[in-house]
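Residues per chain are reported as follows:
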Amino acid sequence: MSNLAFGIDGGGTRSRLCVFELDSGREVGRYLGGSTNMYSVGLDKALENTEALLRSAGIPLEQLCRGCIGSAGLSRPREQEQFGDFFRRLLPSCSVKLCNDGEILLVGALESTEGYSLIGGTGSLGLGRNREGRLVRSGGLGYMLGDEGSALWIGWQAIRRALRSEEGRDLDTCLMPLLLKHFHLERSSDFVAMTHQRFQKAEIASAAALVLENVETDPLAHDIGCRAVDELCLLVDSVMAQLPLERPRVALSGGVIENNVWVQTRLLAALAEKHPELETVLGSGDALKGACMLARE
């Protein structure tokens, strides 16, 4: 009987594969491949990249008996059905767990199959998981419906509210000339064409750093920063209420949280005040390790 298993950390740009011995956990090898995120490259290309990544290990695929892939979007039934059909054809004798990237990050960062995670990066997401595998979530609905507290949300709020401020409908701010320079625009009205005709999530999210650089001196930037921290706290509140755990721990990750001292300090203080029993673990951890842990489970 085969003793090989795999874990995949599926990304929007690249993906990582680890093949290991199921009994001992000893790694056989690690490999890099293209995106497995269907919302980044399309379903057909994502499946093509997944197969190419598995074959890059250079072992007969029938030797794989268990696996786990974590990738954005894979927590929803429709996406799981599409990837499930693919794995049933490619690896008919292999049991494969399908989950989103937040779940493998949670497990890898906490080195446990139980706990909470908060991601505050380009987007935002709160997750909770117990040892029985029950998963709850909060947020993570994309910029049109949510992603509150994320870099994209902060940049988006800055543009919208700076425009309102020019009309006397929001707090005073000096952000507008900084935003125009950042986006290489001549006048504030140019934001209409930029946002409606060539909206780029990464481009909007890049303005978050500008906002947070001015959070101590600019009234509007300060208000956006405070609201971002509040929204990130609400994501944690939500998953803790949905899934109470006896010994709660939360992994905090993402650029907004990890790379900005102002946000990080206030977020940690707010969580400690609201949930004194909650242990916080700062750092993105190893999502690939989490995928391997879930494959073994």
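Residues numbered from 1 in each chain as written. Predicted model: local features only at pLDDT ≥ 70, side-chain atom pairs only at ≥ 80, totals over all residues. Heavy atoms only, no water.

(A) View of the overall build of the protein chain. The secondary structure content of the protein chain amounts to 13 helices and 10 strands. Relative to a compact globule of 297 residues, whose C-alpha radius of gyration would be 19 Å, the protein chain shows 21 Å and is just as compact. Each of the three principal axes of the protein chain carries a C-alpha extent, and together these read 70 × 45 × 30 Å. Pairs at least 24 residues apart make up 67% of the contacts formed inside the protein chain by residues separated by at least 6 positions. (Helix = DSSP H or I, 4+ residues; strand = E, 2+ residues; numbered from the N terminus. Rg over C-alpha atoms; globule rule 2.2 N^0.38 Å. Contact = heavy atoms within 4.5 Å.)

(B) A look at helix α7 (residues 190-197). The set of residues buried in α7 consists of Phe191, Met194 and Thr195. For α7, the arc enclosing every buried residue in end-on projection is 85°, short of the 170-degree limit, so these residues lie on one face. Opposite its buried face, α7 presents the exposed residues Val192, His196 and Gln197, each directed more than 90 degrees away. Looking at the packing, one finds that the buried side of α7 touches α5 (151-166), α6 (175-182) and α8 (201-205). (Buried < 20%, exposed > 50% of the residue type's maximum accessible area, 1.4 Å probe, protein only. Arc of directions from axis to C-beta.)

(C) Geometry of a nonpolar patch on the surface. Together, Leu141, Tyr143, Met144 and Leu145 line one region of the surface with nonpolar side chains, adding up to about 460 Å² of accessible area. Mapping Leu141 onto the fold places it in the loop between β8 (135-139) and α5. (Patch = residues over 30% accessible without salt bridge, like charges linked within 9 Å, V, L, I, M, F, W, Y side chains within 5 Å. Areas by Shrake-Rupley, 256 points an atom, 1.4 Å probe, with all protein chains shown as cover. Salt bridge = Lys/Arg side-chain N within 4 Å of Asp/Glu carboxyl O.)

(D) The arrangement of the environment of Cys68 in detail. If you trace the backbone, Cys68 turns up in strand β4 (residues 64-70). The class of Cys68 is buried, set by a relative accessible area of 0%. Here the alpha-carbon distance between Cys68 and Leu98, two residues 30 residues apart in the chain, equals 6.0 Å. Those residues in contact with Cys68, other than ones at most four positions away along the chain, are Phe6, Gly7, Ile8, Val96, Lys97, Cys99, Ile104, Ala291, Leu294 and Ala295.

(E) Focus on unusual backbone geometry. In this structure, Asp147 takes a positive phi of about 60° despite not being glycine. With respect to the element layout, Asp147 can be found in the loop between β8 and α5. Classification of Asp147 by relative accessible area gives buried; the value is 9%. One non-glycine residue, His184, lies in positive phi territory at about 60°.

(F) Expanded view of the confidence of the model for the protein chain. A residue-level look at the protein chain finds 99% of positions with pLDDT of 70 or above and a mean pLDDT of 92. Taken element by element, the protein chain is modelled with least confidence in helix α1 (residues 38-41), mean pLDDT 80, and with most confidence in helix α10 (residues 219-242), mean pLDDT 98. (pLDDT = per-residue confidence, 0-100.)

(G) Summary view of the sheet that holds β4. In spatial order, the strands read β3-β2-β1-β4-β5; together these 5 strands make up an open sheet with mixed pairing. Looking at strand neighbours, the two that pair on one side only are β3 (27-34) and β5 (95-99), the edges of this open sheet. The sheet shows a mean angle of 15° between the axes of neighbouring strands, direction not considered. Judged from the 5 bridges that link them, β4 and β5 form a sheet pairing that is parallel. Considered in β5, the bridge of Ile69 is made with Leu98. (Pairing = 2+ DSSP bridges. Axes fitted to C-alpha atoms, helices over the stretch in contact; angles between N-to-C directions.)

(H) View of the nonpolar core. The biggest cluster of nonpolar side chains holds 50 residues, and the ones touching the most others in it are Leu118, Ile154, Leu179, Phe183, Phe191 and Leu267. For this core, the element with the highest residue contribution is α10, accounting for 11 residues. Apart from residues lying up to four places away in sequence, Leu179 is in contact with Ala158, Ile159, Ala162, Phe191, Ala207 and Leu210. Ranked by size, the runner-up nonpolar core spans 24 residues in total, among them Phe20, Leu110, Ile119 and Ala295. (Core = buried A, V, L, I, M, F, W, Y, C linked by side-chain atoms within 4.5 Å.)

(I) Examining the side chain of Ser35 more closely. With respect to the element layout, Ser35 can be found in the loop between β3 and α1. At 3.1 Å, the side chain of Ser35 forms a polar contact with the backbone nitrogen of Asn37. Each residue touching Ser35, except ones within four places of it in the same chain, is listed here: Gly11, Gly12, Thr13, Arg14, Ser15, Ser40, Val41, Lys45, Ala46 and Asn49. (Polar contact = N/O pair within 3.5 Å; in protein donor to acceptor, adjacent residues only side chain to side chain.)

(J) Highlighting the pattern of salt bridges. With the rule as written, the count across this model stands at 24 salt bridges. The residue Arg249 makes a salt bridge to Glu279 at a minimum N-O spacing of 3.5 Å. Highlighted residues: Arg249 in strand β9 (residues 249-253) and Glu279 in strand β10 (residues 279-282), separated in sequence by 30 residues. You can call Arg249 partly exposed: its relative accessible area is 23%. A single salt-bridge network, built from bridges that share partners, covers Asp9, Arg16, Glu27, Arg30 and Asp286.

(K) Representation of the packing of aromatic side chains. This structure, assessed with the given rule, holds 5 aromatic pairs. Counting every residue linked through ring pairs, the aromatic cluster contains Phe6, Phe86 and Phe87. (Phe/Tyr/Trp six-rings, centres within 6.5 Å; stacked < 30°, edge-to-face > 60°.)

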